[in-house]
Amino acid sequence: MTIELDHIIPIPLKDRFLQRNSEVWNTSLTFEQGHYIKIKAPSGTGKTTLVHILYKVRHDYEGAVLLNNTPITCLSEDALSELRQQKISILFQDLRLFPNLTARENIELKRILQTPYYEPEMIESMAEALGVLPVLDQKASLCSYGEQQRIAIIRALIQPFTWLLMDEPFSHLDIANTRKAATLIDTECRKRKAGLLITDLDEDDHFNYTKQYHL
Amino acid sequence: MDGLERLLKKLIRSGAGRNRFALAITGLSVAMLLILAAVQIQSNYHDLLHSKTNQDSIANFLVLNKILTDQNMGATALSDSDINDLKQQPFVESVGLLSPGRFKASIQSYSDRFPFYTDIAFESVPKDFIDVAGKDWIWKENQQLVPVIVPNMFLDFYNFQFSFSQNLPQLTQQVVKMIIFKINLYGPNGIVSFNGQVVGFSDRISSLLVPQEFMEWANNRFGKNKDTKPSRVIISTKDPGNPILVQYLKAKNLSTDADKTRFSRYRQVVDLVVTISGITGVIMLAFALLIFSLFIQLTIVACKEEIILLITLGASPKQLRKFLMKQFFPVNILIILVSIGIIAILQYAVHHQLLSRHIYVNALPSYTVLIAALTVLMVTWWVNRYFIRKYISLSAK
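Residues numbered from 1 in each chain as written. Chains lettered and ligands numbered in written order. Predicted model: local features only at pLDDT ≥ 70, side-chain atom pairs only at ≥ 80, totals over all residues. Heavy atoms only, no water.

Regarding the interface of chain A and chain B
Step number 1: Facing the 20 residues of chain A at the interface are 19 residues of chain B.
Step number 2: For the pair chain A and chain B, the summed buried surface comes to about 1,800 Å²; carbon and sulfur atoms form 67% of the total.
Step number 3: Applying the counting rule to chain A against chain B returns three salt bridges.
Step number 4: One salt bridge connects E105(A) with K10(B), and the closest N-O pair in it is separated by 2.8 Å. (Contact = heavy atoms within 4.5 Å. Buried area = accessible area lost by both parts, 1.4 Å probe. Salt bridge = Lys/Arg side-chain N within 4 Å of Asp/Glu carboxyl O.)

Right, here's the structure in full:
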C-alpha cells in the first residue's frame, strides 16, 4: 500500500508553517510499501499531528492523504476498522493502553480484534525479547512508563499490517532497551514486507532508513 | 465465551447501576404479563363463544321482528331497505325471511279415539335456517303428504298443561311423529286437504313450519294479498352476545329473544377488562423500554473513553454493537419466556377451575399469545438496536 501526501497542512498550524519551508507540510510526497521513513523534527512542529492525520484520527487539515490512490476521507466506518485491523498499525506517543486491563490483556485484545496473525505464545516471546515478561499480568496502569511503552510496541507488532506508524517510540527507553525494541520492530516489518514511519526528535541509526525528512 | 467478548466485558461494564437495571426488567416483565394476559383473556372469551364444545345451537340464530306498539299496529312489516341494512351489518352472517301463510288453515285428527281440530297458521323459512330439517323436508306439487316442524314448546305445553286439563294421554316426540293428521287449506274455491306429518321439533323458531315450496304454492293459490312484506326475519350471527348487535336492535326498534343476547352485558365487562389491561400493558411497556434505553445510554456514556479507544485501535462499531446487543437483548428473551410460562400456568389453572363448572377453555395458551409475545420481542429488539446504534455512533464521532 502506498501512502501519498498531497499538500497537507494542519489548519491550526497553517500560518506558522506557510512562513517556513518544510519537507513534508504543503508538499507532495509518496511513501512506498516496504520503505523505512524517518520524520525528524523538534518539539511543537507537528510530528504527532502528522501521525494522527495519517491514522485518520485528526481531520482538521487541508490537502489530501491517499492510500493506494484513495483519499482516506472516503473510507467508510467499516473500511476504516478494516484498515486499522489489517493494514496500518500504530504506536501512539501517549501509548493509549487500557489502564484497567493487564499488559497481556491489552496486547491480547489487539491480537484477537481480527483473525489473529500470531498465536498467543508470541506475546510472551516478544515480551521476553523486550524484557517485560514479568509485568505481563500486571495492570497496565501499574507498569512504569518505560514498561508501558514496550507493551504498546508489542501491541502494535502483534497484528497484521503493511505500514507501521510510530510516534517517538523510544522516548522512555534506555539505549539497550531501544536497541532490543528496534531489532524486534525491524524483524517484524521485514517479515510482513511492511513500511515503517517513525517520528523522532533527533538523528538515529536504529534502522536503515530509506528516506529521512525534516518536518 | 470467546476472548474478545471477555475483554470487552471487562472494559464495558454496565456502569449504570444494578437498581436501574432491575427496575427496567421488572417494568418490562409486568408490562409483558399484562399484554399477554389481555390477549389470552380475549382469546378465552372468543373460545367460549365460538368453539364447538361450548356452542349452543339456538344461540346463533335470532328471529327478529319490530316491537309492536300502539303506533305501529298493523304496520310491522319489514321493508326491503330494513332487510338490506340488516344484511350489511358486520355481525350478520345471513338473513332468512320468514314467510307467513296468507290463507286460513286448520288441522284435524283422522282418528276417533283421539279427536282434535284447531285453526292454525303456518310459516316457512329457508332450509338453511332450520336445525332439524332432514331428507324428508321437501314438498313437490301434487304431493299429498306435507312435512311439518313443530316448536318444542308446543309439545311441552300439550304434555304438561293441556293433557292434564283435558284428561288426555301424554305424547312422546316419537309418538307424535307417527300421527298422520289432516291439513285443510281454505281458498276462494273451497277447501283443499292434505295429509300432515310432524318430522321434527325445533327450539329455534316458535311457529309451525312447512317447506318453503309448499308455502309458495299455497300462498299463490289461496293467499288473500299477493304481495305481503315479511314481518319477521331470522338471522344467523357468530356472536349473539355482541354489544353492537344489541345496540343495533335497540336503535332499529327490533326485538328478539332477550335470553340469547344477555351475554352482551358480560361481553362489555370483559371488553373493558381486556382494554384496560391491554392499555396499561402498552403504557408500561413504553415506560419500561424508556428506562431500558436510558440504561443502555448510561452504560455507553459511562464507558465512552473505552469505546473511543477501542474504535481508535480498530474495533469496528459493528463489533461493538454486536457485543452490546448480546449484553442487553438476551434478558428480553428471558422475560418473554418467563411471562409465557406464567400465562401458561394461569391458563392451565383456569382450565381446571372452569372444567368443574362444565365450561371448556383450552388448557394451553392461545397461539395469539405467542404472536403477541413475538411482536413485543421484535419491538424490544428494535429499541435495543436503535439505541445501541445511536449511542455508539455518537461515541465514534
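Once the structure has been displayed, the description carries forward.
Examining the pairing of strand β8 (residues 195-200) of chain A
Residues and elements named next belong to chain A.
Step number 1: Within β8, six of the six residues are buried, which leaves the element mostly enclosed by the surrounding structure.
Step number 2: Of the two faces of β8, the one holding G195, L197 and T199 and the one holding L196, I198 and D200 are both buried throughout.
Step number 3: Here strand β3 (residues 36-40) pairs with β8 via five bridges, running parallel. Paired with K40 across the strands is D200, a residue of β8.
Step number 4: Both strand β7 (residues 163-167) and β8 contribute to a ladder of five bridges, which runs parallel. The partner of W163 across the bridge, within β8, is G195.
Step number 5: Handedness of the β7-helix α7 (residues 175-192)-β8 crossover: right-handed. (Buried < 20%, exposed > 50% of the residue type's maximum accessible area, 1.4 Å probe, protein only. Helix = DSSP H or I, 4+ residues; strand = E, 2+ residues; numbered from the N terminus. Pairing = 2+ DSSP bridges. Right-handed = clockwise from strand over helix to strand, strands pointing away.)

Quick look at the packing of aromatic side chains
All names here are of chain A.
Step number 1: Inspection of the entire model under this criterion finds 23 aromatic pairs over all chains.
Step number 2: Ring centres of Y55 and F92 lie 5.8 Å apart, and the angle between their planes is 85 degrees; this geometry places the pair in the edge-to-face category. Residue Y55 is found in the loop between α2 (47-54) and β4 (61-67), and its partner F92 is found in the loop between β6 (88-91) and α4 (103-112); the two are separated by 37 residues along the sequence. The same class applies to Y55 as to F92, namely buried. (Phe/Tyr/Trp six-rings, centres within 6.5 Å; stacked < 30°, edge-to-face > 60°.)

A word on the side chain of E123(B)
Residues and elements named next belong to chain B.
Step number 1: Within the secondary structure layout, E123 lies in strand β5 (residues 122-124).
Step number 2: Within the structure, E123 has its side chain in polar contact with the side chain of R232 (distance 2.8 Å).
Step number 3: Not counting the four nearest positions on each side in its chain, E123 is found in contact with L98, S99, P100, I205, S207, L208, L209, V210, M215 and R232. (Polar contact = N/O pair within 3.5 Å; in protein donor to acceptor, adjacent residues only side chain to side chain.)

Overview of the sheet that holds β3(A)
All names here are of chain A.
Step number 1: Read across the open sheet, the five strands follow the order β6-β7-β8-β3-β9; overall the sheet is parallel. A single partner strand is all that each edge strand has here, and the edge strands are β6 and β9 (211-214). Looking at each pair of strands side by side, their axes are set apart by 15 degrees on average, direction ignored.
Step number 2: On the sheet, α2 packs against β3, β6, β7 and β8 and is oriented at approximately 150 degrees with respect to β7.
Step number 3: Where helix α6 (residues 145-157) meets the sheet, it contacts β6 and β7, and its direction lies at approximately 180 degrees from that of β6. (Axes fitted to C-alpha atoms, helices over the stretch in contact; angles between N-to-C directions.)

Section: the packing of helix α5 (residues 121-130) of chain A against α6(A)
Two quantities define a packed helix pair, namely the angle between the axes and the distance from one axis to the other.
Residues and elements named next belong to chain A.
Step number 1: Running from N to C, α5 and α6 cross one another at 140 degrees; their axes reach a closest spacing of 10 Å. Relative to α6, the element α5 is oriented oblique. Handedness of the crossing formed by α5 with α6: right-handed. Contacts between α5 and α6 pair M126, A127 and L130 from the former with R150, I153, I154 and L157 from the latter.
Step number 2: Residues that form the contact of α5 with α6 fall into these classes: six nonpolar, no polar and one charged. (Parallel < 35°, antiparallel > 145°, perpendicular 65-115°, else oblique. Left-handed = near helix turned anticlockwise from the far one by under 90°. Nonpolar A, V, L, I, M, F, W, Y, C, P; charged D, E, K, R; others polar.)

Things to note about the confidence of the model for chain B
Step number 1: Scored by pLDDT, chain B comes out at a mean of 84, with 93% of its residues at no less than 70.
Step number 2: Low confidence marks residues 54-58 of chain B, where pLDDT is under 50. Its contacts with residues over four positions away, or in another chain, come to nine contacts. (pLDDT = per-residue confidence, 0-100.)

Regarding the domain arrangement of chain B
How large an interface is tends to be reported as the accessible area lost when its parts come together.
All names here are of chain B.
Step number 1: The domain boundaries assigned to chain B delineate domain 1 (3-54 + 265-396) and domain 2 (61-261).
Step number 2: The C-alpha centroid of domain 2 is placed 57 Å from the C-alpha centroid of domain 1.
Step number 3: Every contact between the two is made by four residues of domain 1 and, on the other side, six residues of domain 2.
Step number 4: Carbon and sulfur atoms supply 50% of the area that domain 1 and domain 2 bury against each other, a total of about 420 Å² over both sides.
Step number 5: One can count zero salt bridges joining domain 1 with domain 2.
Step number 6: On the surface where domain 1 and domain 2 come into contact, there are zero residue pairs in polar contact (both at pLDDT 80 or more).
Step number 7: When contributions to the side of domain 1 that touches domain 2 are tallied by element, the ones reaching two or more residues are α2 (18-50) and α8 (263-302).
Step number 8: Of the residues in the side of domain 1 that touches domain 2, the class split is one nonpolar, two polar and one charged. (Domains from an automatic or database assignment.)

Considering the pattern of salt bridges
Residue and element names in this part refer to chain A.
Step number 1: Summed over all chains, the structure comprises 19 salt bridges over all chains.
Step number 2: A salt bridge links K47 to E168; the nearest nitrogen and oxygen atoms lie 3.4 Å apart. Remark: E168 occurs in the loop between β7 and α7 and K47 occurs in helix α2; sequence separation between them is 121 residues.
Step number 3: What makes K47 buried here is its relative accessible area of 5%.

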